[in-house]
Amino acid sequence: MAIRVTIADDQAVVRAGIAAIIDAEPDLCVVGQASDGDAAVEVALSLRPDVALMDIRMPGIGGLAATARITEQNPATRVLVLTTFDLDEYLFAALRAGAAGFLLKDAEPDRVIDAVRVVASGAALLDPAVTQRLIDRFASGPGPFDTTRLRRLTPRETEVLRQIARGLSNTEIGEVLGISAPTVKDHVSVILGKLGVRDRVQATIAAYETGLIRPGTS
């Protein structure tokens, strides 16, 4: 079954271009489009796509509020944000709103296609340039994340969280800690539940915001 995608962007040319790229793939299908934040929510909630491609700066409620509404009312739809390089605070806010991935608008078509597939699979994705900028965001110290949640983790879970924040896969974490990948997967599931976050991206943010991980350390 094809991965169903909606596209929200206030520029018709951009929407058409992205739609053409996606529809050219046999396993992807654009099922709806929107030109503003309100319409993006309506389309996503009515059509329930697997992935909602979301611009941030749009008329109406905008991409951030649209992302929050979609992820809250229909968590099964994964939001992939397409944005520009210099919107750091928008990116951070979108993560908090529940976005599962970020891609810069100057990405190659193949990168966009791969990102849709990755996000649809349940994984999280950040453009490398975005990842570094988000990490730099925490260089001044811990942020506002509720540290009481961090104290709910066992020592082993805390160590797994450290490795998640380093960007390691389950297999790589298992190799570092000397445990199996399925065991790591179980730990990750428990960590997400205890922290009250949606995915590994938000778990990474929690690790930085609480000071568990600091930029430049491992």
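What you are looking at is a predicted structure, and each value in this text was computed from that prediction instead of being measured.

Novice: Mind showing me how you'd approach the environment of Val116 here?
Specialist: Position of Val116 relative to the elements: it lies in helix 5 (residues 109-120). Residue contacts for Val116: discarding those within four places in its chain leaves Ile3, Val5, Leu28, Val51, Leu53 and Leu80.

Novice: Teacher, can you tell me more about the pairing of strand 1 (residues 3-8) here?
Specialist: Every regular strand shows the same layout, with side chains that alternate between the two sheet faces. Of all 6 residues in strand 1, 5 are buried, a share of seventy percent or more. Across 6 bridges, the pairing between strand 1 and strand 2 (residues 28-34) is parallel. Residue pairing for strand 2: Thr6 is matched across the bridge by Gly32. For the crossover that starts at strand 1, traverses helix 1 (residues 12-23) and ends in the parallel strand 2, the hand is right-handed. Pairing geometry for strand 1 and strand 3 (residues 51-54), over 4 bridges, is parallel. Residue pairing across strands places Val5 opposite Val51, the latter belonging to strand 3.

Novice: In this structure, what is going on with the pairing of strand 3? I would like to understand it.
Specialist: With burial as the criterion, each face of strand 3 is covered, one bearing Val51 and Leu53 and the other bearing Ala52 and Met54. With 4 bridges connecting them, strand 3 and strand 4 (residues 78-83) associate as parallel partners. Paired with Met54 across the two strands is Val81, which belongs to strand 4. A crossover connection joins strand 3 to the parallel strand 4 through helix 3 (residues 62-73); in handedness this β-α-β unit is right-handed.

Novice: Looking at this model, I keep getting lost on the sheet that holds strand 4. Mind explaining?
Specialist: Read across the open sheet, the 6 strands follow the order 2-1-3-4-5-6; overall the sheet is parallel. Whereas interior strands pair on both sides, the edge strands pair on one side only; in this sheet they are strand 2 and strand 6 (125-126).

Novice: Please clarify how the nonpolar core should be interpreted in this entry.
Specialist: Across soluble globular proteins, nonpolar side chains show a tendency to be buried alongside one another. Membership of the largest hydrophobic core comes to 22 residues, with the highest contact counts inside it found for Ala8, Ala40, Met54, Ile70, Val79, Val81 and Phe102. Listed by contribution, the elements that provide at least two residues to this core are helix 2 (37-47), strand 3, helix 3, strand 4, helix 4 (88-97) and helix 11 (200-209). Setting aside residues up to four positions removed in sequence, Val81 forms contacts with Met54, Ile56, Ala94, Ala99, Gly101, Phe102 and Leu103. Formed by 21 residues, the second largest nonpolar core is a distinct cluster that contains Val160, Leu195, Leu212 and Ile213.

Novice: Help me understand the pattern of salt bridges in this model?
Specialist: Two side chains that carry opposite charge are able to pair once their charged atoms sit near each other. Scanning the model with the defined rule gives 7 salt bridges in all. Linking Glu25 and Arg117 is a salt bridge whose minimum nitrogen-to-oxygen distance equals 3.0 Å. Taken as a pair, Glu25 in the loop between helix 1 and strand 2 and Arg117 in helix 5 lie far apart in primary sequence, 92 residues in all. Assessed through its relative accessible area of 22%, Glu25 is described here as partly exposed. With a relative accessible area of 27%, Arg117 lands in the partly exposed category. The partner of Lys105 in a salt bridge is Asp55, with the nearest N and O atoms 3.3 Å apart. Here Asp55 lies in the loop between strand 3 and helix 3 and Lys105 lies in the loop between strand 5 (101-104) and helix 5, a separation of 50 residues in the sequence.

Definitions and cut-offs
Residues numbered from 1 in each chain as written. Predicted model: local features only at pLDDT ≥ 70, side-chain atom pairs only at ≥ 80, totals over all residues. Heavy atoms only, no water. Helix = DSSP H or I, 4+ residues; strand = E, 2+ residues; numbered from the N terminus. Contact = heavy atoms within 4.5 Å. Buried < 20%, exposed > 50% of the residue type's maximum accessible area, 1.4 Å probe, protein only. Pairing = 2+ DSSP bridges. Right-handed = clockwise from strand over helix to strand, strands pointing away. Core = buried A, V, L, I, M, F, W, Y, C linked by side-chain atoms within 4.5 Å. Salt bridge = Lys/Arg side-chain N within 4 Å of Asp/Glu carboxyl O.

Read these as geometric descriptors, not functional statements.
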